[in-house]
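# Fold and contact review
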Amino acid sequence: MKAIASRLHYVLILLLAAAWVAGPCRAPSGGGDEAEAGGAAAGPRVLRVYSALDPNETKIYFSEYEKYTAAQGRPVKMQWVRLSSGGVLSRVTQEKGNPSMGLWFGGPSTDFIDAAENGLLEPYRPRIQGFELQAQMHDPQWLWTGFYFGAIGFASNDTMLKRLGLAPPRTWKDLLDPRLENNVSIAYPYQSGTAYTVLSSLVQDKGEARAFAYMEALDRNVHHYNKSGSACVTQVGLGEVAVCVAFSHDILKKGPGQGFPVTLSFPADGAGFEIGGMALIKNGPDHDEARLFMDWVLSRQAQSLMQQWYRIPLNPGAERAPGIVPASELNLVDYDAIKAGGDKRRLIEKWRLTTGQ
């Protein structure tokens, strides 16, 4: 295993991808999707956030944080807008100098690296108790901080694959099978951090020429592209397509976690991965509250909530449900997130020219 993947394995070898533990959670004061702001401010303490996580997952953390701050005698109301990670980056770029939100929560580090290089973020080093984040899990100047790990996998509809005479894909080449024509789904890499992680990890692992030849071939089997990286899992579950590419935690939560006949598999020839991050938006509001929230997100209490969405937390003391293959057994690509962040705009433009999307 090479540089970054090896160091990640050192930390993640004890971490198991969490199996979902179902349980009710109170919705926060607000929340929504695609530029729908959540809730109305009540009292002097407000934290305005762009979340790149699924809205239902966002509610888990924000609801619990509202409860936590209320118990501390300093209640905070979360106001938030849900966008894909690429959508957050676009919005923050458009709002440069006068942002409407103070915190960016969730999404792969490549998007945060892009934002940091364009002067869109402010540094903050969270107060962490009981462990330390390795160097690749945060910006050198703490312009962004990681709080979870995720690996790219394949979601397959068992019924559809059986009808097509196929087994769940185990390599990237398997997605090119002619029997999967119009039966694969993935997101646009210019709107989804998930899809850009796929593109950039293939480029780094296979070389740019081979990776783009592959993406051009894959495009012939793609039924449609999505704005959100996790949306395709539900589409697979409903039988709209046979296979999709997404992060494993989204596959488990939205597939078998919802009772769909969906199987998760990983590419044996190299799985891309992300360190999901959070960051202060430069010149944004509510930074005092945002810093306290970032401290809390890395706590054992907050990190243990991730088992409800199959995420692998970075806090080694967090509670995790057993039963899933350890991350150390995955064949992770040698992935340089800093390079991926720096190459993003160029690679996305090349992808659009290659696929016509």
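Residues numbered from 1 in each chain as written. Predicted model: local features only at pLDDT ≥ 70, side-chain atom pairs only at ≥ 80, totals over all residues. Heavy atoms only, no water.

As a further point, take the packing of aromatic side chains. According to the stated counting rule, one finds 21 aromatic pairs in the structure shown. Judged by centre distance (5.8 Å) and plane angle (85°), the rings of phenylalanine 62 and tryptophan 80 are edge-to-face. Of the two residues, phenylalanine 62 sits in helix 2 (residues 55-71) while tryptophan 80 sits in strand 2 (residues 77-82), which places them 18 residues apart along the sequence. Each member of the pair, phenylalanine 62 as well as tryptophan 80, carries the same accessibility label: buried. Judged by centre distance (5.8 Å) and plane angle (35°), the rings of phenylalanine 293 and tryptophan 296 are tilted. Pair noted here: phenylalanine 293 and tryptophan 296 are both in helix 10 (residues 287-297), with a separation of three residues, about one helical turn. With relative accessibility at 4%, the residue tryptophan 296 sits in the buried group. Cluster of aromatic residues (ring-pair linked, three or more members): Tyr61, Phe62, Tyr65, Tyr68, Trp80, Phe105, Phe147, Tyr148, Phe293 and Trp296. Lying across the ring of tyrosine 148, arginine 311 places its NZ or CZ 4.1 Å from the centre. The lysine or arginine in question, lysine 350, covers the ring of phenylalanine 212, its NZ or CZ lying 4.8 Å from the ring centre. (Phe/Tyr/Trp six-rings, centres within 6.5 Å; stacked < 30°, edge-to-face > 60°. Helix = DSSP H or I, 4+ residues; strand = E, 2+ residues; numbered from the N terminus. Buried < 20%, exposed > 50% of the residue type's maximum accessible area, 1.4 Å probe, protein only. Lys NZ or Arg CZ within 6 Å of the ring centre and 35° of its normal.)

This paragraph deals with the pattern of salt bridges. The tally for this structure, following the rule as stated, stands at 15 salt bridges. Between glutamate 319 and arginine 300 there is a salt bridge, with the nearest N and O atoms lying 3.6 Å from each other. In this pair, glutamate 319 sits in the loop between strand 11 (312-313) and helix 12 (337-355) while arginine 300 sits in helix 11 (residues 300-304), placing the two residues 19 residues apart along the sequence. Taking relative accessible area as the criterion, glutamate 319 reaches 41% and is therefore assigned partly exposed. Connected via shared salt-bridge partners are Arg45, Arg74 and Glu289. (Salt bridge = Lys/Arg side-chain N within 4 Å of Asp/Glu carboxyl O.)

Structurally, leucine 166 is set in the loop between helix 5 (158-164) and strand 6 (184-187). We classify leucine 166 as buried; its relative accessible area is 16%. Sequence separation between leucine 166 and aspartate 177 is eleven residues, and the spatial gap between their C-alpha atoms is 9.2 Å.

Take the packing of helix 3 (residues 85-94) against helix 4 (residues 109-117) next. Running from N to C, helix 3 and helix 4 point in directions that differ by 10°, and their axes come no closer than 10 Å. Classified by the angle their axes make, helix 3 and helix 4 are roughly parallel. Contacts from Ser85, Gly86 and Leu89 in helix 3 reach Asp111, Asp114 and Ala115 in helix 4. The residue inventory of the contact of helix 3 with helix 4, partitioned by class, reads two nonpolar, two polar and two charged. (Axes fitted to C-alpha atoms, helices over the stretch in contact; angles between N-to-C directions. Parallel < 35°, antiparallel > 145°, perpendicular 65-115°, else oblique. Contact = heavy atoms within 4.5 Å. Nonpolar A, V, L, I, M, F, W, Y, C, P; charged D, E, K, R; others polar.)

Counting buried residues in strand 1 (residues 46-51) gives five out of six residues, a clear majority hidden from the surface. Relative to strand 2, strand 1 runs parallel, the two being bridged by six bridges. Bridging from a neighbouring strand, serine 51 pairs with arginine 82 of strand 2. With helix 2 bridging strand 1 and its parallel neighbour strand 2, the resulting β-α-β unit is right-handed. Where strand 1 and strand 3 (residues 103-108) come together, three bridges link them in parallel fashion. Counterpart to tyrosine 50 in the pairing with strand 3 is tryptophan 104. (Pairing = 2+ DSSP bridges. Right-handed = clockwise from strand over helix to strand, strands pointing away.)

Quick look at the nonpolar core now. A general trend in soluble globular proteins is that nonpolar side chains are found buried together. In this structure, Tyr61, Met78, Trp104, Phe105, Phe147, Trp172 and Phe293 are the most contacted members of the largest nonpolar core, which totals 95 residues. Contacts of phenylalanine 105, omitting those with residues within four sequence positions, involve Val49, Tyr50, Ser51, Ala52, Leu53, Tyr61, Phe62, Phe147, Gly277, Met278, Phe293 and Val297. By size, the runner-up hydrophobic cluster in this structure holds nine residues, among which are Cys232, Val233, Cys244 and Ile251. (Core = buried A, V, L, I, M, F, W, Y, C linked by side-chain atoms within 4.5 Å.)

In this section: the confidence of the model for the chain. Looking at the chain, the pLDDT average stands at 87 and 86% of residues meet or exceed 70. The model gives residues 1-42 a pLDDT under 50, and that stretch makes 122 contacts with residues more than four places away or in other chains. (pLDDT = per-residue confidence, 0-100.)

Along any regular strand the residues' side chains alternate between the sheet's two faces. Residue alternation in strand 6 divides its side chains into two sets, Val184 and Ile186 and Ser185 and Ala187, and both sets are buried. Direction of pairing for strand 6 relative to strand 7 (residues 222-226): parallel, over a ladder of four bridges. Bridged to isoleucine 186 within strand 7 is tyrosine 225. Bridging between strand 6 and strand 8 (residues 243-247) involves two bridges; their strand directions are parallel. Within strand 8, the residue paired with valine 184 across the bridge is valine 243.

Once that is clear, we can look at unusual backbone geometry. Phi is positive for tryptophan 142, which is not a glycine, with a value near 60°. Turning to its location among the elements, tryptophan 142 is positioned in the loop between strand 4 (121-122) and strand 5 (145-157). Even without being glycine, asparagine 182 reaches a positive phi, approximately 60°. Along the chain, asparagine 182 turns up in the loop between helix 5 and strand 6. A relative accessible area of 41% places asparagine 182 in the partly exposed class.

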